[in-house]
Amino acid sequence: MKILFTAAEAMPFMKTGGLGDVAGALPQALNILGEDCRVIMPYYGDIADSYKRTMTSIGNVYVPLSWRYQYCGVFSQSINGVKYYFIDNEYYFKRSGCYGFYDDAERFAFFSKAILEVLPLIDFYPDVIHANDWHTALVPVYLDIFHRHRDEYRNIRTVFTIHNIEFQGKYGKELLADVLGIPQDRTSLLDYEKCCNFMKGGIETSSVVTTVSTTYAKEILDPYFSYGLDDILRNRSYKLRGVVNGIDTTVYNPRRDNALFKKYDLATIEDKEENKKGLCDLLNIPYKEGRPIITMISRLTEQKGLDLLAAVLDELLSLDIQLVILGTGDWKYETMLKEYDTRYQGKLKAIINFNADLAKKLYAGADMFLMPSKYEPCGLSQMMAMRYGTVPIVRETGGLKDTVEPFNNTTGNGTGFTFYSYNAFDMLGAIKRAIGAYNIKSDWNKIITNCMNKDFSWTKSAKEYIDIYKEIM
């Protein structure tokens with residue numbers, strides 16, 4: 001089966017969030033299972049020169065976009081068993097960063113149109129095109145409007161995955177003709193609530209719509225989670241599926257991770273404590289045996305539950321714990337954490353930055369991982385934490401609910417501690433339950449064992465996607 005995976009970012013070339021992880025790992029897992037999955041993404045100026053130097057130029061075409069006729073070069077490179085294609089246009093993509101520009105609508109409309117225009121050049125007509133988020137939501141739209149009449153394109157099926165429904169690609173309706181080049185008789189595909197909505201077009205025209213967890217697929221049918229798209233999704237619920245993401249278990253592996261102070265696995269779990277000591281030395285905070293370290297590695301926003309943390313932070317820090325937070329985000333939360341860092345020296349360490357090496361040291365050196373999200377389509381951090389035997393404390397939403405099973409000290413089952421209501425004191429109660437279990441070593445060792453035995457590899461998710469591809473073919 002031939003699959004073309006389209007994404008605005010993909011590891012190892014470019015990553016700003018979970019989409020980059022998925023686009024880097026899922027195609028690799030599909031190919032290991034015997035499929036021919038290739039990835040296509042923009043040729044960003046920020047892609048490392050070490051990768052650019054080893055790319056091969058395939059050629060170029062010109063892409064019609066409304067009244068525009070834009071140059072499009074194509075480069076390719078194979079890595080980790082996956083062939084990547086890169087769409088080159090310096091006007092659109094030779095910039096610092098991926099997103100946040102005034103002309104993002106035009107940039108990603110060009111990218112979506114170019115994907116279909118270069119198929120003859122790369123000599124790859126897929127059975128399935130897998131589009132992701134609003135940046136490539138126009139691919140199934142353009143396929144239906146401009147290419148279905150051609151024999152090579154006639155039987156191509158499309159999957160559209162929603163990684164985060166908050167970001168939909170919403171613009172003024174004037175873009176429909178002048179920028180996107182949508183014919184007047186097809187504008188209803190994107191016209192929604194008095195604006196042009198890229199994601200709505202992807203939902204309408206794709207063969208199947210997926211989300212990154214089964215719970216999130218149900219949640220986005222509710223107005224609270226849908227950011228206005230619940231009506232469209234309920235009408236198209238017959239083609240909505242949920243598939244939980246995986247993580248790269250070779251990258252996140254405490255037995256082989258060179259970022260750790262000391263490598264370990266379940267058989268040498270006592271060495272996890274050496275990582276805790278090393279972390280305390282690194283961060284210049286006191287180490288105390290038997291005192292848990294709780295960590296958060298997160299964007300500092302309300303979506304990630306920082307408002308809950310702010311409401312009970314004094315009470316939380318009055319407990320016999322240490323809290324280490326790594327991330328950047330809203331100014332008010334960055335400022336708050338810096339102030340608390342000064343006030344509670346040795347109890348709270350706030351690192352207003354992001355560092356992948358330090359993140360791994362935190363996964364290994366902490367005892368608990370706090371993730372109280374208001375909503376979480378899938379979430380990868382809780383799975384990474386469990387991989388290192390660090391017990392998650394999460395709110396029951398989206399992928400957090402699907403991946404973290406509440407611990408039951410009667411049966412010994414479960415991988416973490418959860419709370420349901422978006423309430424600061426419910427979160428605090430879950431933290432206190434986790435601390436209680438931490439003080440009963442037999443219970444805590446059982447939870448760690450459950451966490452580290454969980455299979456979060458991409459194999460299961462890839463098999464589910466293969467079933468979906470076969471279904472729509």
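Residues numbered from 1 in each chain as written. Predicted model: local features only at pLDDT ≥ 70, side-chain atom pairs only at ≥ 80, totals over all residues. Heavy atoms only, no water.

### Examining the packing of aromatic side chains
Reasoning step 1: Applying the stated criterion across every chain, the model contains 28 aromatic pairs.
Reasoning step 2: Ring centres 4.9 Å apart and planes at 80 degrees place the aromatic pair Tyr-224 and Phe-225 in the edge-to-face group.
Reasoning step 3: Using a relative accessible area of 14% as the deciding quantity, one classes Phe-225 as buried.
Reasoning step 4: Aromatic ring contacts, followed pair by pair, group Tyr-44, Tyr-91, Tyr-92, Phe-93, Phe-110 and Phe-111 into a single cluster.
Reasoning step 5: The ring centre of Phe-124 lies 5.9 Å from the NZ or CZ of Lys-2, which sits over that ring.
Reasoning step 6: The cationic tip of Arg-343 hangs over the ring face of Tyr-340; the distance from NZ or CZ to the ring centre is 4.3 Å. (Phe/Tyr/Trp six-rings, centres within 6.5 Å; stacked < 30°, edge-to-face > 60°. Buried < 20%, exposed > 50% of the residue type's maximum accessible area, 1.4 Å probe, protein only. Lys NZ or Arg CZ within 6 Å of the ring centre and 35° of its normal.)

### Points about the sheet that holds strand β18 (residues 417–419)
Reasoning step 1: Ordered by their spatial adjacency, six strands build an open sheet running β15-β14-β13-β16-β17-β18, and the pairing between neighbours is parallel. With one partner strand each, in any of the chains shown, β15 (348–351) and β18 form the two edges of the open sheet. Each strand of the sheet is rotated relative to its neighbour by a mean of 15 degrees, with strand direction disregarded.
Reasoning step 2: Both strand β16 (residues 368–371) and strand β17 (residues 391–395) contribute to a ladder of four bridges, which runs parallel. Each residue of the ladder has a partner; that of Leu-370, found in β17, is Ile-393. (Pairing = 2+ DSSP bridges. Helix = DSSP H or I, 4+ residues; strand = E, 2+ residues; numbered from the N terminus. Axes fitted to C-alpha atoms, helices over the stretch in contact; angles between N-to-C directions.)

### Thoughts on the side chain of Lys-360
Reasoning step 1: Examined against the element boundaries, Lys-360 turns out to sit in helix α15 (residues 356–365).
Reasoning step 2: Given the relative accessible area of 16%, Lys-360 is considered buried.
Reasoning step 3: The residues contacting Lys-360, other than those within four sequence positions of it, are Val-251, Tyr-252, Asp-257, Ala-259, Leu-260 and Tyr-388. (Contact = heavy atoms within 4.5 Å.)

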